[in-house]
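Residue-level listing of the chains:
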Amino acid sequence: MGTKVWQLGSPGSWLYALYDGLRVGVNRKLVNYLLAGAVTCEECKVLEAGSGPAFASSILNADRRVGLSIAMDIDMEALLEARLRDPSLALVVADIQHLPFKKESIDLAWNSSTIEHLPSPPAALAEMERVTRRGGKVFVGVPNLYGPLGFQHWIQSTSVGIWIGTTFNRSQLRKMVKECGLEPLDSIFYFFRFFVGILARK
């Protein structure tokens, strides 16, 4: 089995372990950001739509304000890895462009390093908007065009370029969020400006 977009290197290798270690650090900072600005109710229902092995969902699940933390991904292998690490997680196998949740049933729908791998990022974002309650929050983070991954457009058809996915600048991401009917509230650059994210309200 080849390398997936949620991993780097083969399981058991030093590169895989290093990447997982970096990802845990990034996820902790991102979760702290979401807890400060996006988890605004008690018993909050949180959906990580495109979770990979769901490190961030596990961290969110431990917060007392989060009543339900759902890790959703189309890749069963990633979710099995999540289950081995954290048996308490709610896991759902599904396509982000066809979320199996009722309209306005989620308080916070979010992802990081997910929609850049899809043929239609706006379709995924529209689904996240659909399942988020009125007044709820949506966060999306993608590779930053003006960060260290800015070279991606020169190598986009190579294996590395495909693994990185499409890069976006803040204006492009903000425009996409607004076109999906969301109100941008804040933007952040994270992981040494490798990524840019927009927090929005429905």
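The shown structure was predicted, so the numbers you read here are calculated from the model rather than taken from an experiment.

1. Describing the packing of aromatic side chains
So, step 1. Per the counting criterion, the structure on display carries five aromatic pairs.
So, step 2. On the basis of an interplanar angle of 50 degrees and a centroid distance of 6.4 Å, the ring pair of F139 and Y190 is categorised as tilted. Here Y190 lies in strand β6 (residues 183–190) and F139 lies in strand β5 (residues 132–143), a separation of 51 residues in the sequence.
So, step 3. When its relative accessible area of 0% is taken as the criterion, F139 is described as buried.
So, step 4. Assessed through its relative accessible area of 9%, Y190 is described here as buried.
So, step 5. Pairwise contacts between aromatic rings join Y33, F139, Y190 and F195 into one cluster.
So, step 6. Residue placement shows R85 over the ring face of F55; its charged tip is 4.4 Å from the ring centre.
So, step 7. R193 extends its terminal NZ or CZ atom over the ring of F189, reaching a point 3.9 Å from the ring centre.

2. Digging into the pairing of β6
The two faces of the sheet receive side chains in turn, since in a regular strand these alternate between them.
So, step 1. Looking at chain direction, β6 and strand β7 (residues 195–201) are connected through seven bridges and run antiparallel. By the bridge assignment, F189 is partnered in β7 with V196.
So, step 2. The hairpin formed by β6 and β7 contains four residues between the paired strands, and F191 there has a positive phi angle of roughly 50 degrees.

Cut-offs used in this document
- Residues numbered from 1 in each chain as written.
- Predicted model: local features only at pLDDT ≥ 70, side-chain atom pairs only at ≥ 80, totals over all residues.
- Heavy atoms only, no water.
- Phe/Tyr/Trp six-rings, centres within 6.5 Å; stacked < 30°, edge-to-face > 60°.
- Helix = DSSP H or I, 4+ residues; strand = E, 2+ residues; numbered from the N terminus.
- Buried < 20%, exposed > 50% of the residue type's maximum accessible area, 1.4 Å probe, protein only.
- Lys NZ or Arg CZ within 6 Å of the ring centre and 35° of its normal.
- Pairing = 2+ DSSP bridges.

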